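A closer look at the structure
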Amino acid sequence: VTIVKGKSVFKEFKGKMVATLNPYLVLEVLSDSTSEIDRSEKLECYQKIESVQYYLIVSQDSKNIQIYSRTEDPKFWLSGLFNANDESIIIDNVP
């Protein structure tokens, strides 16, 4: 799931896939087969996209949500783990 701030910008790759080039928030739901990729490779890729301000990883097996948020210095990110039973997540400036 992605949320875009402003007008969406898309790019088609090899006529098979269309990707959003300017996501603001990205949410991934973990599965057993993609868990490690979502937590490592995808996290690294999303951190390199300037428009991405938030990356949320939602556990399929528990009610835990890992949230990464970009700081004012774009090289640094904050991370927090939330339990949906105990807490609400409020994300500022989401379009």
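This text follows the structure it describes.
What this report covers is the structure whose coordinates are included nearby. What you see is a predicted model; the values in this text were computed from it and never measured.

Judged by side-chain polarity, Val-9, Phe-13, Met-17 and Leu-21 come together as a nonpolar surface patch covering roughly 340 Å² of accessible area. For Val-9, the location among the structural elements is in the loop between strand S1 (2–4) and strand S2 (10–13). By relative accessible area, Val-9 is classed as partly exposed at 39%.

Our focus in this paragraph is the pattern of salt bridges. Taken as a whole and assessed by the stated rule, the structure comprises 2 salt bridges. One salt bridge connects Asp-38 with Lys-42, and the closest N-O pair in it is separated by 3.3 Å. Judged by its relative accessible area of 1%, Asp-38 is buried. When its relative accessible area of 29% is taken as the criterion, Lys-42 is described as partly exposed. Sharing partners across several salt bridges, the network here consists of Glu-28, Asp-38 and Lys-42.

Reading the values: the criteria
- Residues numbered from 1 in each chain as written.
- Predicted model: local features only at pLDDT ≥ 70, side-chain atom pairs only at ≥ 80, totals over all residues.
- Heavy atoms only, no water.
- Patch = residues over 30% accessible without salt bridge, like charges linked within 9 Å, V, L, I, M, F, W, Y side chains within 5 Å.
- Areas by Shrake-Rupley, 256 points an atom, 1.4 Å probe, with all protein chains shown as cover.
- Salt bridge = Lys/Arg side-chain N within 4 Å of Asp/Glu carboxyl O.
- Helix = DSSP H or I, 4+ residues; strand = E, 2+ residues; numbered from the N terminus.
- Buried < 20%, exposed > 50% of the residue type's maximum accessible area, 1.4 Å probe, protein only.

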